[in-house]
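Spelled out from the first residue to the last, the chains are:
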Amino acid sequence: MIYSDLSEEELCLFVLFTDETGLDQAEFCMVDERNKQTGLFRAWPVQQFWWRKKSKKIISQGSRSIGKSLSAKLRAFAFPFVHPGGELVITAPEGLHLDALTDNIESLYLRNRIAESMLAKDQRGRIKHRPFHINFANGGRIMARLPKFDGSGVRGTHPDLSLIHILVDVWL
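None of these values were measured; they are calculated from a predicted model.

## A word on the nonpolar core
Part 1: Residues Tyr109, Ile134 and Ile142 are the most contacted members of the largest nonpolar core, which totals 32 residues.
Part 2: Going through the elements one at a time, helix 2 (23-29), helix 4 (68-82), strand 1 (87-91), helix 5 (95-110) and strand 4 (141-145) are the ones with two or more residues in this core.
Part 3: Ranked by residue count, the leading element in this core is helix 4, at 6 residues.

What follows is the structure, encoded as structure tokens:
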């Protein structure tokens, strides 16, 4: 792909949609009703630092309301843009945690025009439940699995990216 022929606006859009963290996409096209001034989503400075780390293993030691679930939701939002035709597997230790996360991801895709346009066009292949599965128009897909104690719940999957979502809150 040659980038020299793109206009400045096209280059900005390209950079926006190649951010793996999902922060740029979220700040560009998500509405946040809690932000009374602009209505736009804005991440806290500490969230931007954590979410942009390139390390393979990141442990967020913050407690409630710091954005552990939100970071997983935004990575799932960015996934079909950054990895066309790729596969993302999301895991959590319990079905209750996994359901809460996949419900947030599903609502993001159904309430956002840009994200919804990425969904597969046929109704049968768009979003499925039990097990959770999203198909995209570019051939990508997101799956959610419970790993079980022995790991048998994720056997046979060969994802391009894995999100292992562990809900740990620190109580002092």
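## A word on the confidence of the model for the protein chain
Part 1: Model confidence for the protein chain is summarised by a mean pLDDT of 77, while 73% of its residues fall at 70 or above.
Part 2: Taking the mean pLDDT of every element in the protein chain, the minimum, 64, falls on strand 5 (residues 161-164) and the maximum, 90, on strand 3 (residues 133-135).
Part 3: Note on residues 168-172: pLDDT is under 50 here. Beyond four places in sequence and across chains, it has 8 contacts.

## What about the environment of Met30?
Part 1: Of note, Met30 is situated in the loop between helix 2 and helix 3 (45-51).
Part 2: With a relative accessible area of 10%, Met30 lands in the buried category.
Part 3: Separated by 78 residues in the primary sequence, Met30 and Leu108 have C-alpha atoms spaced 8.7 Å apart.

## Some thoughts on the pairing of strand 1
Part 1: Burial within strand 1 is extensive, with 5 of its 5 residues counted as buried.
Part 2: Neither face of strand 1 is left uncovered, since the one carrying Glu87, Val89 and Thr91 and the one carrying Leu88 and Ile90 both have all their residues buried.
Part 3: Direction of pairing for strand 1 relative to strand 4: parallel, over a ladder of 5 bridges. When the sheet's bridge partners are listed, Ile90 is paired in strand 4 with Ala144.

## Quick notes on helix 5
Part 1: Helix length check: helix 5, at 16 residues, gives a terminal C-alpha distance of 22 Å against a target of 22 Å (1.5 Å per residue), a fit within 8%.
Part 2: When helix 5 is considered as a whole, its buried residues turn out to be His97, Leu98, Leu101, Thr102, Ile105, Glu106, Leu108 and Tyr109. The arc that holds every buried residue of helix 5, seen down its axis, measures 160°, which confines them to one face.
Part 3: Those residues of helix 5 hidden inside the fold are in contact with helix 4, strand 1, helix 6 (113-117), strand 2 (127-128), strand 3 and strand 4.

The rules behind the values
- All residue numbers refer to positions counted from 1 along the written sequence of the respective chain.
- Restriction of local features to residues with pLDDT of at least 70 applies here, the model being predicted, together with a cutoff of 80 or more for giving and counting side-chain atom pairs; totals for whole chains, interfaces and linings are based on all residues.
- Side-chain calculation: all heavy atoms of the structure are included, whereas hydrogens and water are not.
- We call a set of buried residues a nonpolar core when its members are Ala, Val, Leu, Ile, Met, Phe, Trp, Tyr or Cys and they connect through side-chain atoms within 4.5 Å of each other.
- The cut-offs for exposure are 20% and 50% of the maximum accessible area for each residue type, with area from a 1.4 Å probe on protein chains only; residues under the lower value are buried, those over the upper are exposed, and the others partly exposed.
- Secondary structure counts use DSSP, requiring at least four H or I residues in a row for a helix and at least two E residues in a row for a strand, with both numbered from the N terminus.
- Predictor confidence is given residue by residue as pLDDT, running from a minimum of 0 to a maximum of 100.
- Whether two residues are in contact is decided by their heavy atoms: any pair within 4.5 Å suffices.
- Two strands qualify as a pair provided that DSSP identifies no fewer than 2 bridges between them.
- Every helix has an expected span of 1.5 Å times one less than the residues it contains.
- The arc in question is the one traced by the directions running from the helix axis out to the C-beta atoms.

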